[in-house]
Amino acid sequence: MIFLIMQFLWKYVDDLMGKGLEWYVIAELLFYASANLVPMALPLAILLSSIMLFGNLGESSELTAMKSSGLSLLRIMRPLTIFIFLLSFAAFLFANYLWPVANMKFRSLIFDIQQQKPSLSLNEKSFYNDIPGYSIRIMEKNKKGDEFKDVLIFDHSEGNVVYKRDIWAEGGSIEQINGGKAMIFHLTNGKIYQEVQPRMVKGGVYPYQKIYFKRANLNFDLSAFQLQRTNVDVYNTHYEMLNMEQLATQEDSLKVEMRRKKEELARNIERRYLLFRKAGSAQDPEIVATGSIIPVLKPNSVDTNLLAATPSKPILQSFEARSREDKKRIVDGALNMARGNVDYLIGRRDEFNGRDEFIQRHRLEWHRKLTLSVACIILFFIGAPLGAIIRKGGLGAPIVASTLLFILYYIISITGEKMAKSGVIDPFWGMWISSIILFPVGFFLTYKSNRDSTLFDLDFYLRILGLKRLKKPKFAANENSSTLQ
C-alpha cells in the first residue's frame with residue numbers, strides 16, 4: 001500500500017502543491033485513495049505473504065518435518081485456506097459496498113482540489129495575476145513575506161477594460177480577514193492614475209486624474225482561493241460509484257432507453273420515405289425495387305399520377321414524363337435528402353455506439369466486484385505451493401517471484417478489460433480472462449507441490465539432459481599442518 005500511495009502522490013503532485021491545503025484535507029484524500037488502491041494491493045499482498053510464509057517453512061525444513069508426520073501440503077494449507085476464503089468474502093463486501101463510496105468521495109475531493117486556485121504567493125519582480133481583476137508586482141519583500149516595497153497594481157476589477165486605474169506605492173503590507181476569505185492591502189505613500197472617461201476610439205486622448213495618498217487600503221476577495229466542497233451526490237449515478245444491484249438496475253434502464261431510441265430511428269426513417277406495396281400484399285408491405293423508394297420533399301409535391309403508377313416501373317415512367325426542370329429539381333432534392341439522411345444515420349450510429357459502450361462499462365464494473373475475491377483465492381493457491389517448492393524465505397526470491405506473477409496477472413487483466421471496453425470481446429471474458437488463465441497455473445503448482453515435485457530442481461533437469469552440475473573443489477586442512485591438501 002505504501003508503494004501504491006507513493007505512485008498516487010507522484011501522479012497528483014502538481015494538483016496538490018501550492019494550494020495551501022489543510023493537513024486534514026490531505027489526510028482525507030490519502031484515506032480515500034488508499035481505499036481505492038485496496039483492489040490492487042490486496043491480491044499482491046496475499047501472493048507475496050503466501051510465498052514468504054511457505055518459503056520460510058521450506059527453508060527451515062519445517063515443511064519436511066510436517067510431511068514426515070503424515071500431513072500433506074493441502075492439510076497444512078487448510079487453516080490458511082479457510083482464512084483466505086473468509087478474506088475473499090470480506091473483499092467482496094468491500095468491493096460491492098465500500099469501494100463505490102470511497103470512489104465517489106475521492107473523485108469529488110480531487111476535483112475540488114484541482115479546481116482550487118494556488119495560494120496567494122507574491123514573488124519579487126514578477127506579476128501575480130491569480131486574483132481576478134488585478135495584476136500585482138512587487139520589487140522587494142521582507143522575510144515573513146507580509147511587507148513589500150515598490151508596489152505596482154493594475155486594477156480592472158470592474159470587469160470593464162475601457163477604464164484604467166493604476167496604483168503605485170512606496171510600501172505595503174497585507175492582512176487576511178474573515179478566516180482568509182478576504183485580504184486588505186495596506187498601501188503607503190503612493191499615487192493613483194485613473195481615467196475619468198471611457199475609451200471609445202482607439203488612439204484618442206482622454207482626461208485622467210491623479211490622486212496622491214499617504215495611506216490607502218485596497219480590499220481583495222479571496223473566496224476563490226478557499227476549497228469549495230462539491231456535493232458528492234453529483235457523482236452517485238456514475239457506474240464506478242454503484243454496487244451490483246444498482247449496476248443491474250441502471251443497465252436495464254439503459255437498455256430500455258436504447259431500444260426506445262432505435263424504435264424512434266426506425267419511425268423517423270419510415271417517415272422520410274414513401275414505400276410502395278406489392279400487389280396483393282396489403283398487410284405486409286415490402287420494398288419492391290430500388291426505384292420504389294421515393295424521397296418525399298413536401299407533402300403536396302408528390303404527383304397523384306406517380307402514386308397511381310403500376311408496381312412494375314412506377315418511378316421511371318412518371319419521371320420520364322416530366323420536364324427537364326422538374327427532373328433537375330427532383331434529382332437535386334433527392335441528392336440533398338440522401339446526404340442529409342447519411343449524416344443523420346452517421347450521427348445516430350455514433351450515438352448508439354456510445355450508448356452501447358456505456359452499457360458495457362456497467363457490465364464490466366458488475367463483474368469487477370467478483371473478480372477481486374476470486375483473484376485473492378487463485379493467487380493464494382499460486383503463492384503457497386510456489387513457496388513450498390522454491391523453499392526460499394525472506395524478501396529476496398519471494399519478492400521477485402511475486403512481482404513477476406503479479407505483473408503477468410495485471411497485464412492479462414488490463415488487456416482483457418481494454419478489449420472488452422473497445423467491444424472486441426464480451427465483458428464477461430474481458431474481466432475473467434486473467435482468472436481463467438491463472439487458475440490452471442495454481443492447480444498445477446498445488447498438485448506438484450503436494451506430490452513433492454522437483455519442478456524447480458536444477459539437478460533433476462540436468463540428469464534428464466545427461467549433464468552434471470559443476471562443483472567447486474574441496475580443500476581439506478590438516479590439523480597438524482597449515483598446508484592445504
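Before reading further, recall that the structure is shown in the block above.
In short, a report on the structure. (Residues numbered from 1 in each chain as written. Predicted model: local features only at pLDDT ≥ 70, side-chain atom pairs only at ≥ 80, totals over all residues. Heavy atoms only, no water.)

### Notes on the nonpolar core
- Ranked by internal contacts, the top residues of the largest apolar core, which has 21 residues, are I46, F54, L63, L73, M77 and F380.
- When residues of this core are traced back to their parent elements, those giving at least two are α2 (23-59), α4 (73-115) and α8 (324-390).
- It is α4 that contributes the most residues to this core, 9 residues altogether.
- Here F54 is in contact with L63, L73, I76, M77, L80, A384, G387 and A388, once residues within four sequence places are set aside.
- In this structure, Y134, I136, I138 and M183 belong to the second largest nonpolar core, which totals 18 residues. (Core = buried A, V, L, I, M, F, W, Y, C linked by side-chain atoms within 4.5 Å. Buried < 20%, exposed > 50% of the residue type's maximum accessible area, 1.4 Å probe, protein only. Helix = DSSP H or I, 4+ residues; strand = E, 2+ residues; numbered from the N terminus. Contact = heavy atoms within 4.5 Å.)

### Things to note about the sheet that holds strand β2 (residues 134-141)
- The strand order across the open sheet built from 6 strands is β1-β2-β3-β4-β5-β6, with neighbouring strands paired in antiparallel fashion. Both edges of this open sheet fall to β1 (126-128) and β6 (208-221), since each of them pairs with a single strand only. Across the sheet, the mean angle from the axis of one strand to that of its neighbour is 30°, orientation sign disregarded. (Pairing = 2+ DSSP bridges. Axes fitted to C-alpha atoms, helices over the stretch in contact; angles between N-to-C directions.)

### Description of the pattern of salt bridges
- Taken as a whole and assessed by the stated rule, the structure comprises 15 salt bridges.
- For D350, the salt bridge is made with R349, and the minimal N-O distance between the two is 3.5 Å.
- Each member of the salt-bridge network shares a partner with another, and the members are E365, R368, E417 and K421. (Salt bridge = Lys/Arg side-chain N within 4 Å of Asp/Glu carboxyl O.)

### Points about the layout of surface pockets
- By volume, the largest pocket amounts to about 1,200 Å³.
- Around the largest pocket sit 33 residues that line it, and N36, L37, M40, W99 and Y410 are the ones nearest its centre.
- Elements represented by at least two residues in the lining of the largest pocket include exactly α1 (2-16), α2, α4, α8, α9 (397-421) and α10 (427-450).
- Partitioned by chemical class, the residues of the lining of the largest pocket number 18 nonpolar, 7 polar and 8 charged. (1 Å grid on protein atoms, 1.4 Å probe; cavity = no way out; pocket = protein on both sides within 12 Å on 5 of 7 lines; lining within 4 Å. Points joined across faces, edges and corners; volume = space filled by probe spheres on them. Nonpolar A, V, L, I, M, F, W, Y, C, P; charged D, E, K, R; others polar.)

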